[in-house]
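Residue-level structure breakdown
One letter stands for each residue in the lines below.
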Amino acid sequence: MLKKLLLLLVVLALAFGLPRLGARWLRALENALGRVARRHGLAVLLAGLAAFAISAGITTLIGPSPPHIHDEFANLLAADTFVKGRLTNPPHPLWEHFEGVHILSQPRYMSKYPPAQGLMLAVGQALTGKPYVGLWLSAALACAALCWALLAWVPARWALLGGLLAATHPIIVKWSQVYWGGLEAVLGGALVLGAFRRILKPAQNNNASPLPLSHGFLLGLGMGILANSRPFEGFVFCLLTMGFFFIWCLGGHCPPFTVLFQRVGLPMAAALAPIFLFMGLYNYRATGHPLRMAYMEYERQYAVAPFMVWQKPRATPEYRHDFIRRHMLDYALVEHQRQQNLPGLLKESRDKVQRLLQAFWPFRPWYLWAIVAAIPLAAFCCGWRRDGWAKLASVLTLLFFAGLMLETWMWDRYAAPSAALIAVIVLMAYRRLRVFRWEGRPVGLFLARAMVGLCLLAPIPWTMVRAKEYAEKPWDYQRLAIIRDLEQRGGQHLIIVRYAPTQSVHDDWVHNGADIDAQAVIWARHMEGKNQRLLDYYKDRSVWLLEPHKEPVKLEAYRNE
């Protein structure tokens with residue numbers, strides 16, 4: 001912390017003492033950025049390429065991240081399913097041994113999550129055999145869409161800067177290295193926000209030019225992507241933006257209804273219709289009903305804690321595995337119960353906010369960097385009253401995060417639909433900060449340049465921290481090493497995993513692909529007195545026992561007891 005505090009003090013000293021330091025070269029760089037940004041298509045492309053290059057470079061440098069949390073394994077299962085040309089998989093005859101958190105085993109074997117992340121991973125897997133390439137593509141599309149959205153809110157060079165800052169932001173970098181999602185929702189939210197602002201522009205100009213059909217189409221496309229990535233948070237985001245649009249219309253600012261219907265409504269319907277048809281088919285294949293999502297069916301079968309803090313817990317089902325029971329009761333339900341009184345709700349809400357702040361600026365100590373972020377935000381607030389669009393962005397952001405606080409759980413990816421909205425506020429804040437002067441000296445200009453420079457360098461310390469974590473070889477690396485070792489030996493293998501009661505409910509070794517029986521290495525759960533059917537079914541496989549609580553973790557030949 002001392003080094004970071006010293007860095008902050010040095011930057012402040014230079015800002016007030018030598019505010020014109022490096023101004024000549026920085027001005028030339030900014031002018032070059034402005035020339036590129038004037039070609040909007042090139043600016044969008046550059047933001048996407050930068051994100052792809054950074055994502056691919058980090059993976060190449062430190063290696064691909066093995067799946068760690070349940071969500072990642074679920075999304076990889078979806079990807080493997082799609083690559084094989086299926087929407088879902090038939091249930092396994094011995095499905096009780098392969099149950100998992102966030103995995104639906106009946107009536108179909110599949111991920112419970114919406115398909116957007118799985119589809120992007122499937123693209124990477126289909127093109128290169130590596131699903132993480134889909135993460136690089138997702139980062140490129142998300143940052144390109146962010147730049148496109150920002151072009152409707154801020155001047156072109158600022159929009160390009162915003163796209164580049166997004167490409168180097170630690171949260172975007174992290175989402176490009178893990179499989180739990182977030183980037184697809186960034187893409188959807190950016191399309192919605194960019195199209196929303198462009199639809200309002202002709203109204204602001206007294207309908208001087210007709211509305212392009214593309215705005216309505218991209219608005220619908222963004223809504224469809226949100227519905228298939230973060231359905232609840234995407235719904236809240238779309239509800240807020242469309243709510244403001246209707247308020248705007250009631251004020252007499254919008255085009256005539258017929259024009260709005262033809263130029264916005266019909267293109268939006270054209271984008272949403274095939275997406276909704278796909279969603280209905282996907283739901284029907286998963287649950288037998290076009291309006292019932294796999295997520296809902298999984299919650300009905302396994303979950304006790306409800307999704308929202310005000311809902312009542314469900315009846316406790318009969319679990320076949322203590323590991324899953326403890327995840328649902330000792331973790332998920334406890335999180336919900338903590339928020340059932342006002343003090344608990346306030347404390348958990350504070351923790352959710354802190355968790356989001358730590359996620360969006362993960363360098364420690366996070367509160368020191370929060371102080372740094374307060375500098376441009378203070379400049380933003382100074383001009384807030386004179387800028388109606390700044391007011392709108394602020395109100396939408398506050399209402400969106402207020403809606404998120406009603407969810408039982410909160411992780412960084414839940415806020416992904418609002419990424420473009422946050423970028424708008426950040427860039428408006430930097431623009432305000434740049435014009436701040438102290439006794440005639442351009443202090444604000446130096447601070448803005450320095451902070452942007454530090455942000456652009458953020459992937460370097462992030463990568464160093466991540467590489468150090470990888471070097472520790474936690475359980476997910478050990479699991480991957482076991483798979484590779486058995487594959488090198490050749491033959492077919494079955495690993496029966498027996499957990500101790502102290503096993504962390506977040507570290508689960510039992511995960512499989514779409515075609516369980518076709519795998520060289522199969523992972524199954526130990527079931528007391530019922531393992532013989534596994535041995536009979538897989539009689540041609542070498543059978544191993546793994547007990548993760550024993551150190552060192554190693555396979556033992558299985559002896560049926």
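Residues numbered from 1 in each chain as written. Predicted model: local features only at pLDDT ≥ 70, side-chain atom pairs only at ≥ 80, totals over all residues. Heavy atoms only, no water.

1. Side note on the pattern of salt bridges
Throughout the structure, instances matching the rule amount to 20 salt bridges. Note that E297 and R292 form a salt bridge whose closest N and O atoms lie 3.1 Å from each other. Overall, the relative accessible area of 25% leaves R292 in the partly exposed class. Residues R300 and E297 are paired through a salt bridge, measuring 2.6 Å at the closest nitrogen-oxygen approach. (Salt bridge = Lys/Arg side-chain N within 4 Å of Asp/Glu carboxyl O. Buried < 20%, exposed > 50% of the residue type's maximum accessible area, 1.4 Å probe, protein only.)

2. Considering the sheet that holds strand 3 (residues 493-497)
Strand order in the open sheet formed by four strands is 4-3-5-6, and the pairing between neighbours is mixed. Two strands close off the open sheet at either side, each with one partner strand: strand 4 (521-525) and strand 6 (555-557). Neighbour to neighbour, the strand axes of the sheet diverge by 35 degrees on average, direction disregarded. Sitting on the sheet, helix 21 (residues 475-489) touches strand 3, strand 4, strand 5 (542-546) and strand 6, and the angle it makes with strand 4 is about 130 degrees. (Pairing = 2+ DSSP bridges. Helix = DSSP H or I, 4+ residues; strand = E, 2+ residues; numbered from the N terminus. Axes fitted to C-alpha atoms, helices over the stretch in contact; angles between N-to-C directions. Contact = heavy atoms within 4.5 Å.)

3. Regarding the packing of aromatic side chains
According to the stated counting rule, one finds 20 aromatic pairs in the structure shown. Centroid distance Y113 to Y295: 6.2 Å. Interplanar angle 55 degrees. Geometry classified as tilted. Of the two residues, Y113 is situated in the loop between strand 2 (110-111) and helix 5 (116-128) and Y295 in helix 13 (residues 294-302); the sequence distance between them amounts to 182 residues. Exposure remark for Y113: the relative accessible area of 15% places this residue in the buried category. (Phe/Tyr/Trp six-rings, centres within 6.5 Å; stacked < 30°, edge-to-face > 60°.)

4. Some words on the side chain of T287
For T287, the position within the fold is in helix 12 (residues 257-287). A polar side-chain atom of T287 sits 3.3 Å from the main-chain carbonyl oxygen of H289. Within the structure, the side chain of T287 is placed 2.7 Å from the backbone oxygen of R292, a separation counted as a polar contact. (Polar contact = N/O pair within 3.5 Å; in protein donor to acceptor, adjacent residues only side chain to side chain.)

5. As for unusual backbone geometry
Between Q106 and P107 the backbone carries a cis peptide bond, its omega angle lying at 0 degrees. Here P107 is to be found in the loop between strand 1 (103-104) and strand 2. Of note, the bond from E551 into P552 is cis; its omega dihedral lies within 30 degrees of zero at -5 degrees. Looking at where P552 falls in the secondary structure, it is placed in the loop between strand 5 and strand 6. With a phi angle near 70 degrees, H102 is a residue other than glycine that sits in the positive phi range. Counting through the fold element by element, H102 comes out in the loop between helix 4 (70-83) and strand 1.

6. Some thoughts on the packing of helix 6 (residues 132-150) against helix 7 (residues 156-168)
At a closest axis distance of 8 Å, the pairing of helix 6 and helix 7 adopts a crossing angle of 155 degrees. One element, helix 6, and the other, helix 7, form an angle in the roughly antiparallel class. For helix 6 against helix 7, the interelement crossing comes out right-handed. Seen from helix 6, the contacting residues are C143, L146, C147 and L150; seen from helix 7, they are A159, L160, G162, G163, A166 and A167. Its residues assigned to classes, the contact of helix 6 with helix 7 comprises eight nonpolar, two polar and no charged. (Parallel < 35°, antiparallel > 145°, perpendicular 65-115°, else oblique. Left-handed = near helix turned anticlockwise from the far one by under 90°. Nonpolar A, V, L, I, M, F, W, Y, C, P; charged D, E, K, R; others polar.)

7. Overview of the packing of helix 4 against helix 5
Between helix 4 and helix 5, whose axes approach to 7 Å, the crossing angle comes to 55 degrees. Taken together, the axis directions place helix 4 and helix 5 in an arrangement best described as oblique. The way helix 4 lies across helix 5 gives a crossing that is right-handed. Across the interface between the two elements, N75, L76, A78, A79, D80, F82 and V83 from helix 4 touch Q117, G118, L119, L121, A122, Q125 and A126 from helix 5. Grouping the amino acids of the contact of helix 4 with helix 5 by side-chain chemistry returns nine nonpolar, four polar and one charged.

8. Side note on the pairing of strand 4
Along strand 4, five of the five residues are buried, which leaves the element largely enclosed by surrounding structure. Of the two faces of strand 4, both are covered, the one formed by V521, W523 and R525 as well as the one formed by I522 and A524. Looking at chain direction, strand 3 and strand 4 are connected through five bridges and run parallel. Along strand 4, the bridge assignment pairs I495 with W523.

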